[in-house]
Amino acid sequence: MARKTFIEAIREGLAEEMRRDPSIVVLGEDVGVKGGVFLATDGLYAEFGERRVIDTPLTESMIIGTSIGAAVNGLRPVAEIQFADFIFPGFNQLVQEAARIRYRSNGAFGLPMTIRAPYGGGIHGALYHSQSIEAFFTHVPGLKVVVPSTPYDAKGLLRSSIRDDDPVLFLEHKKLYRSVRGEVPDGEYDMPLGRAAVTRVGRQVTVVAYGMMAHYALEAADRVEQEDGISAEVVDLRTLRPLDRETLLASVRKTGKCLIVYEDNRFGGYGAEIAAIVAEEAFDFLDGPVTRVAGPDVPAVPYSHVLEDWFMVNPAKIADAIRALAAY
Amino acid sequence: MARKTFIEAIREGLAEEMRRDPSIVVLGEDVGVKGGVFLATDGLYAEFGERRVIDTPLTESMIIGTSIGAAVNGLRPVAEIQFADFIFPGFNQLVQEAARIRYRSNGAFGLPMTIRAPYGGGIHGALYHSQSIEAFFTHVPGLKVVVPSTPYDAKGLLRSSIRDDDPVLFLEHKKLYRSVRGEVPDGEYDMPLGRAAVTRVGRQVTVVAYGMMAHYALEAADRVEQEDGISAEVVDLRTLRPLDRETLLASVRKTGKCLIVYEDNRFGGYGAEIAAIVAEEAFDFLDGPVTRVAGPDVPAVPYSHVLEDWFMVNPAKIADAIRALAAY
Amino acid sequence: MSDAVSDQRQRHLGDGVGLTDEQLLGMYRTIALARALDQRMWVLNRAGRAAFVISGQGHEGAQVGIVAALRPGHDWMVPYYRSIAAVLAFGMSPRDVMLGQFGKAADPSSGGRQMPAHYGHAGHNILTSSSPVGTQILHAAGIALAARVRDTDQVAITFMGEGSSNQGDVHEGLNFAAIHRLPLILVVENNGYSISVPAEKELARPDVADRASGYGIPGVVVDGADVLGAYAAARTAVDRARAGDGPTLIEAKVTRLTSHSSDDQESKYRSPEDLAAAKARDPLPRFREQLARAGVLVPERERELADEIASVVDDAADWAEAQPDPTPDSALRHVFAEGGEA
Amino acid sequence: MSDAVSDQRQRHLGDGVGLTDEQLLGMYRTIALARALDQRMWVLNRAGRAAFVISGQGHEGAQVGIVAALRPGHDWMVPYYRSIAAVLAFGMSPRDVMLGQFGKAADPSSGGRQMPAHYGHAGHNILTSSSPVGTQILHAAGIALAARVRDTDQVAITFMGEGSSNQGDVHEGLNFAAIHRLPLILVVENNGYSISVPAEKELARPDVADRASGYGIPGVVVDGADVLGAYAAARTAVDRARAGDGPTLIEAKVTRLTSHSSDDQESKYRSPEDLAAAKARDPLPRFREQLARAGVLVPERERELADEIASVVDDAADWAEAQPDPTPDSALRHVFAEGGEA
Ligand SMILES: Cc1ncc(C[n+]2csc(CCOP(=O)(O)OP(=O)(O)O)c2C)c(N)n1
Ligand SMILES: Cc1ncc(C[n+]2csc(CCOP(=O)(O)OP(=O)(O)O)c2C)c(N)n1
Ligand SMILES: [Mg+2]
Ligand SMILES: [Mg+2]
């Protein structure tokens, strides 16, 4: 089993699925000859040609809207939104159309389509190349939202997303693309959507995270173990919707304390729903308040390093929150 | 002081502000001669003419985007989105542009603009004329979101929204337009944004609601008082962002129990943030789980009466939840 | 008139566009049927038995003329809320339409989940349509893209009003389809109003079709009351599409014979003269006279058709109204593929 | 050459478009200054002192020619990330530009909050620009609407690339501005690429300007290397706008002399021939020779300007780099109006 980077795992997953299933097409801005601005589709144009790897005009609503039509007529589109921040011109197509077509047609039509979007900050991308967009879409019934944190999960969950018969928003943290390496089997392995993973076993505090934050949570957990002897458990949600309530609640019921970590703005972020579920369904087990570490409530990540560092959640901020909760 | 319907209060508030401030313009679909599909702008075209009451093309992104430009160059636009469900083609303009212009320009530019949008179900409008959209926008720093429940609040808060120097999304529940009457003073009265109201004083359970649900919450509270002798307090948030944390938390700390009611889909709805705040900041005062009554997690309100009734939150569902929480 | 004479007249009329008399009569029947069904909806609405009506009245001639150039069951249609005649011509039945009007469980468009006139039918390649206007052009462009990639020789046609044609999606869709010369036809049914907003406040030019040249595609204006003219324009567009020559924008100048919907009062914004002029552009009597003059529609046949349509409408309305409503427990279904995780 | 002779030549060149020699020289200076500043950014980037660069190189001639027709301090500009020459011509200083390049606290565009080249300056009526492309046309249309409602006689001009012109907002903005004949000018700087995607995959026609007729407005194509041609087109557009005759779409055929940005490697998708052809369309040497031939730019003056620009660039870069970064405590400011509730 070879060690690969996150982006290599994505690229390999795409290529293997396209070889297996001729109905899969890739479309998006610069996904062809250039291979995408992050090279996620590098080599696909050469291997599969311009009929299956389509450089679209600079129009996100069109990318999502035509993916809907293509999915209805026998294709399995995998669209790339160049940066998650640029999905919003296509918001109406994704939320009002893609998410609702199966329901509004009473099951007559379904959409096997996947939308990949690089998200997240800490890469000096400023307000419009750093956003976390999951909260807007995890609120929408009819969409599935996946956020892998390791190369192994990325390849496995991308395959499951592509094979899924409903629209899946697949979010890839830009900072993980080249900074993280891990074991990735060649070929297929089973990794269903909707399963969280306990990536670190602990007794005192449950730390819930996903994406880049799943790594920072582990770092923070190690730090508080070494420095303070605090035993923290880490749950990597991996799929935000459908949510794996069982794994989440089992961990919190065990530790009695829950810290939720997300990079997005705090108010109304995805972690709010996790907090609400835990507060309602694990109430009798809680020995401390459900707490959150999240991005501040300013519009988005600023460019200046000084301001970006101020904005970003990091292992130190998480460790402090674990300590505070453990001491509660 | 005359008794007026909700829609009369809106119309009166608009007209009075336009008379006072010539920089206010109204724009939207059918807002001119027709006076809007709900007649919120009826009479304004006749009084203020086509320069200040603008029938736009059927293009929401344009309505919001040009409001941004108009606000930058000396006007105070009040845009109408015909149904809240149709705001999504303008999502990018509202969230990426309007909400971020002050921050990204480091305060150099600001946007005194208001967007009015009729929202909510129970009026047989089906998937696309029944939506509650607040969760998408209360998550966005840089936007203010207001949801009045009475004619008095509607006129007062609309005036404050129009006079506010930042973008305000003003949501009006369609079912309130003609079903609710109340005292509305002629002329001005003070009603700042960001203040919740305790609309019913109680001891055992705090019920948090807004818009149409603020009425249903009161109905349910009366019912459980009469039928079960349960004393419920009702907090009408009125402004969802900025949130009046003090009033919210003071009530929950007093009653020790919190039920949050919203009409939107449950998962990731606005009430999740309220639950998260209460679970974290009132933990030591809670005698029961923070619970929610909300819309089911299907894409949107179906058309058939049978299905619509199944979907909608109503006083009976709220009363049952109050009983369950009171008995906890 | 003698059969010999009428035969000549028939050949005369049909030959111009390559349609047989039976085809012409079939088109007339669909137009008249759509009109009668639509009028019944208003009757039901006034009687308090149908909560909401939105009409195709005045648009039927263009719709039926255009759809006659397509291959039902093979090609794809993405309709809009005035497409009653188009979907009937493409395979939906009057009962199907009335099931949607009453929001019944068996409604093939949505099982009673969507408002009336939100047509869709998987069995007839009619894609489910939503309320937000303009979005459908991208769905049709995507269907056309799949037809190209999969070499299915299918054409995708979609319909919308002129007000909706101003939505950004229409620009993005025409540009993409034109770049790839996709088999797409956009029909803009221009009735001069976007609810209450007159054309001059929706559009900077009288003809939406003028926008086509910016994408290097044909933009054709047809008189929506000229059924055969609409057919001829569509015939050319379909041939171009199948030949790989790309999309066509067909603008049909139609007339809206009703208020925007049962919730609208058009007298508030339309003058009596304007309303009278609208009535004068009704495609139904015009096509009837055209066929009669050509001897294709002889009086007996016209009476037979009228009787048949009346009973079909009675049957559709009465039968559909008697069908069961959806059950509450069905409301949770079809959020995701059955068996798929929710 | 004698002053008398050169005087004639000057009148000769200037008269055609109504610009004085000093104006012509000022335009040349702005183009050369923008180029020198831009090149310095790349030097700083390679030296690891500037994280990100996105260029106006190749676009400067069209920008300066067009902006010369406007009234700085009165009219409004909504720029894009290649507008370095346009914003300099409209009043921003080299120090302003470099403050943004380094993301410093005093950056007038954003106080170091946005990426470099996201220009804006309230003092010069340059509206803050974002990254999502195409949105700015609606802001410019709204500014033009306010100018109309308030009778300010202002013109709003906005700039974008040809790839961005495919966004739905552009359709909606042109339609609205055309209906109301607003004083709006849309400049499309067509450099043939949307990052790596060549024009033929972005557009169905060679000229974006072809879309103008669909809105009933003029669509003018100018050679972006012909500074005076660009000026003349803008002059006409500005006069139309002030006269209440409505918007104009000006398409400038420009050349992109750098990779899309410092994160891009254009050699992966552009052939050596293509890159050589691009170089040959550089507006700077062309304008220099044009002015020299006309005797407007005499050798001494050219040397003086070169020296002055070099020192201005040194000053801007060195001074800006030495300015303080924003402080963390400033990050919470300006979410809402100060004093406004947050
Ligand atoms: C995005 C969106 N905005 C607003 C509406 C409300 N609405 C429904 S139909 C309509 C007018 C449509 O006019 P037009 O496109 O000309 O079609 P017509 O009804 O005249 O056939 C409007 C504004 C909508 N359905 N979708
Ligand atoms: C809505 C949106 N989608 C994608 C991007 C990423 N992006 C930035 S510039 C660019 C290409 C723009 O090409 P063009 O409009 O031709 O302008 P040019 O850079 O060639 O001057 C893209 C795709 C973006 N900024 N905004
Ligand atoms: Mg119309
Ligand atoms: Mg370009």
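So, on to the coordination of the magnesium ion (ligand 3). As a benchmark, a tetrahedral metal site with four donors has ideal angles of 109.5 degrees, while an octahedral site with six donors has ideal angles of 90 or 180 degrees. All names here are of chain C. Distances from the magnesium ion (ligand 3) to its protein donors, Glu-162 (OE), Glu-162 (OE), Asn-191 (OD1) and Tyr-193 (O), fall at 2.1 to 2.7 Å. Every donor counted, the 6 donor atoms about the magnesium ion (ligand 3) form angles of 51 to 179° at the centre, which fits irregular coordination. Mapping the donors of the magnesium ion (ligand 3) onto the primary sequence yields the spacing E-x28-N-x1-Y. Here the residue Glu-162 occupies a position in the loop between strand S2 (156-161) and helix H7 (168-179), and Asn-191 occupies one in the loop between strand S3 (184-190) and strand S4 (193-194), the gap between them amounting to 29 residues. Asn-191 shares its class with Glu-162; the two are buried.

Each strand in a sheet pairs with its neighbour through backbone hydrogen bonds, running either in the same direction (parallel) or in the opposite one (antiparallel). Residues and elements named next belong to chain D. Sheet architecture is open: 5 strands sit in the order S1-S2-S3-S7-S6, paired in parallel fashion. For this open sheet the edge positions go to strand S1 (76-78) and strand S6 (219-223), each flanked by a neighbour on one side alone. Each strand of the sheet is rotated relative to its neighbour by a mean of 20°, with strand direction disregarded. Across 3 bridges, S1 lies against strand S2 (residues 156-161) in parallel orientation. Bridge pairing links Val-78 to Thr-158 in S2.

The next thing to look at is the pairing of strand S10 (residues 205-209) of chain A. All names here are of chain A. Where burial is concerned, most of S10 is hidden: 5 out of the 5 residues are buried. Covered by surrounding structure in S10 are Val-205, Val-207 and Ala-209 together with Thr-206 and Val-208, the residues of both alternating faces. With 5 bridges connecting them, S10 and strand S11 (residues 232-236) associate as parallel partners. When the sheet's bridge partners are listed, Val-207 is paired in S11 with Val-234. For the handedness criterion, the β-α-β arrangement of S10, helix H9 (residues 212-228) and S11 is classed as right-handed. Pairing between S10 and strand S13 (residues 258-265): 3 bridges, direction parallel. Counted as the bridge partner of Val-207 is Leu-259 from S13.

If you look at the interface, chain D gives 21 residues, while chain C gives 21 residues. Each partner contributes to the roughly 1700 Å² buried at the junction of chain D and chain C, and carbon and sulfur atoms together form 54% of this total. For the pair chain D and chain C, the interface holds 0 salt bridges. Our count for the chain D to chain C interface comes out at 12 residue pairs in polar contact (both at pLDDT 80 or more). Mapped onto the side of chain D that touches chain C, the elements with two or more residues apiece are helix H7 (168-179) and helix H8 (199-202) of chain D. The element contributing the most residues to the side of chain D that touches chain C is H7(D), with 6 residues.

Bringing the site of ligand 2 into the picture now. Residues in contact with ligand 2 amount to 22 residues; listed here are only the nearest, A:Glu60, D:Tyr80, D:Tyr81, D:Ser164 and D:Tyr193. Within the side chain of D:Tyr80, an N or O atom sits 2.8 Å from an oxygen atom of ligand 2. D:Arg82 places a side-chain nitrogen or oxygen 2.8 Å from an oxygen atom of ligand 2. Across the complex, the protein chains shield 97% of the 580 Å² of accessible surface that ligand 2 would expose by itself. The residue inventory of the shell around ligand 2, partitioned by class, reads 8 nonpolar, 10 polar and 4 charged.

Cut-offs and rules
Residues numbered from 1 in each chain as written. Chains lettered and ligands numbered in written order. Predicted model: local features only at pLDDT ≥ 70, side-chain atom pairs only at ≥ 80, totals over all residues. Heavy atoms only, no water. Donors = N, O, S within 2.8 Å, 3.2 Å for Na, K, Ca; no water. Tetrahedral: all angles 85-135°; square planar, octahedral: opposite > 155°, others 65-115°. Helix = DSSP H or I, 4+ residues; strand = E, 2+ residues; numbered from the N terminus. Buried < 20%, exposed > 50% of the residue type's maximum accessible area, 1.4 Å probe, protein only. Pairing = 2+ DSSP bridges. Axes fitted to C-alpha atoms, helices over the stretch in contact; angles between N-to-C directions. Right-handed = clockwise from strand over helix to strand, strands pointing away. Contact = heavy atoms within 4.5 Å. Buried area = accessible area lost by both parts, 1.4 Å probe. Salt bridge = Lys/Arg side-chain N within 4 Å of Asp/Glu carboxyl O. Polar contact = N/O pair within 3.5 Å; in protein donor to acceptor, adjacent residues only side chain to side chain. Near = heavy atom within 4 Å. Areas by Shrake-Rupley, 256 points an atom, 1.4 Å probe, with all protein chains shown as cover. Nonpolar A, V, L, I, M, F, W, Y, C, P; charged D, E, K, R; others polar.

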